[in-house]
Amino acid sequence: MDLVQMQKSLQDYTKSLFLEGILDGQFLQLQQLQDESNPDFVSQVVTLFFQDSDRILNDLSLSLDQQVVDFKKVDPHVHQLKGSSSSIGAQRVKNACVVFRNFCEQQNVEACHRCLQQVKQEYYLVKNRLETLFKLEQQIVASGGMIPAVELGF
């Protein structure tokens, strides 16, 4: 695949992430903070999000598997994951966390287990998709190209 085709593929792939609701405008704002002085800014921020999210999801699983669930421990984890997913534009993760928090307030253990599975599903989806996005960008840069701006004129 030549450079122009790779750039077009990246643009199309990025647009699909927005059309599917996986990402929102916050991700574009994050990209605007990246410049020549810090060309890996977005991937670094997202990598930190992945590391924190893996830890939080593990903590949530452990908390919800207790004989007596302490919702005072569960809710702050869900709130943190909601905030960090919102800050990188992971819209579907954020939305799943909103529902999760509602069930935490109701102290509904079964619904919280279902929500945790939904949050995990959305998290692994965005993680997979962003890893693919970053690989496409790396291929373009390795071929001597520039990462094209994405126009989201839906």
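Only a predicted model underlies this, so the values are computations on that prediction, with no experimental measurement involved.

Re the nonpolar core
The tendency in soluble globular proteins is for nonpolar side chains to be buried side by side.
Phase 1: Among the nonpolar cores identified, the biggest contains 40 residues, and Val46, Val74, Phe100 and Leu130 are the most heavily contacted of them.
Phase 2: Secondary-structure elements contributing two or more residues to this core are helix H1 (3–19), helix H2 (25–32), helix H3 (41–64), helix H4 (71–88), helix H5 (91–106) and helix H6 (109–142).
Phase 3: Excluding residues that lie within four positions of it along the chain, Val74 makes contacts with Leu60, Ser63, Leu64, Val69, Phe100 and Cys104.

Details of the UniProt feature "domain: HPt" (unreviewed entry) in the protein chain
Phase 1: Taken from the UniProt record, the annotation "domain: HPt" (unreviewed entry) applies to residues 38–143.
Phase 2: The annotated region residues 38–143 carries 87% helix and 0% strand content, and the separation between its end C-alpha atoms amounts to 19 Å.

Overview of unusual backbone geometry
Phase 1: For Gln107, which is not glycine, the phi dihedral falls at a positive 55 degrees.
Phase 2: Structurally, the position occupied by Gln107 is in the loop between H5 and H6.
Phase 3: Residue Gln107 is classed as exposed on the basis of its relative accessible area, which comes to 53%.

Some thoughts on the confidence of the model for the protein chain
Phase 1: Averaged over all residues, the pLDDT of the protein chain equals 94, while 99% of them reach at least 70.
Phase 2: Across the protein chain, element-level confidence peaks in H5 with a mean pLDDT of 98 and bottoms out in H2 with 93.

Some details on the pattern of salt bridges
Phase 1: Within the structure shown, the criterion is met by six salt bridges.
Phase 2: Between Asp75 and Arg101 there is a salt bridge, with the nearest N and O atoms lying 2.9 Å from each other. Of this pair, Asp75 sits in helix H4 while Arg101 sits in helix H5, and the two are 26 residues apart along the sequence. You'll find Asp75 and Arg101 in the same group, each marked buried.

About the cut-offs
- In every chain, residue numbers begin from 1 and rise along the written sequence.
- At least 70 in pLDDT is required for a residue's local features to be given in this predicted model, at least 80 for side-chain atom pairs to be given and counted, and no such filter applies to totals for whole chains, interfaces and linings, which use all residues.
- Side-chain measures here rest on the full set of heavy atoms in the structure, leaving out hydrogens and waters.
- Here, nonpolar core refers to any group of buried Ala, Val, Leu, Ile, Met, Phe, Trp, Tyr and Cys residues whose side-chain atoms link them within 4.5 Å.
- A 1.4 Å probe rolled over the protein chains alone gives each residue an accessible area, and that area as a share of the maximum for its type sets the label: buried under 20%, exposed over 50%, partly exposed in between.
- In DSSP terms, a helix is any run of H or I states spanning at least four residues, a strand is any run of E spanning at least two, and both are numbered starting from the N terminus.
- Every residue pair with non-hydrogen atoms within 4.5 Å of one another is taken to be in contact.
- UniProt positions are given in the numbering used here, feature names are shortened, and annotations may be inferred rather than shown by experiment.
- pLDDT runs from 0 to 100 and stands for how confident the predictor is about each residue.
- For salt bridges, the criterion is a side-chain nitrogen of Lys or Arg within 4 Å of an Asp or Glu carboxyl oxygen.

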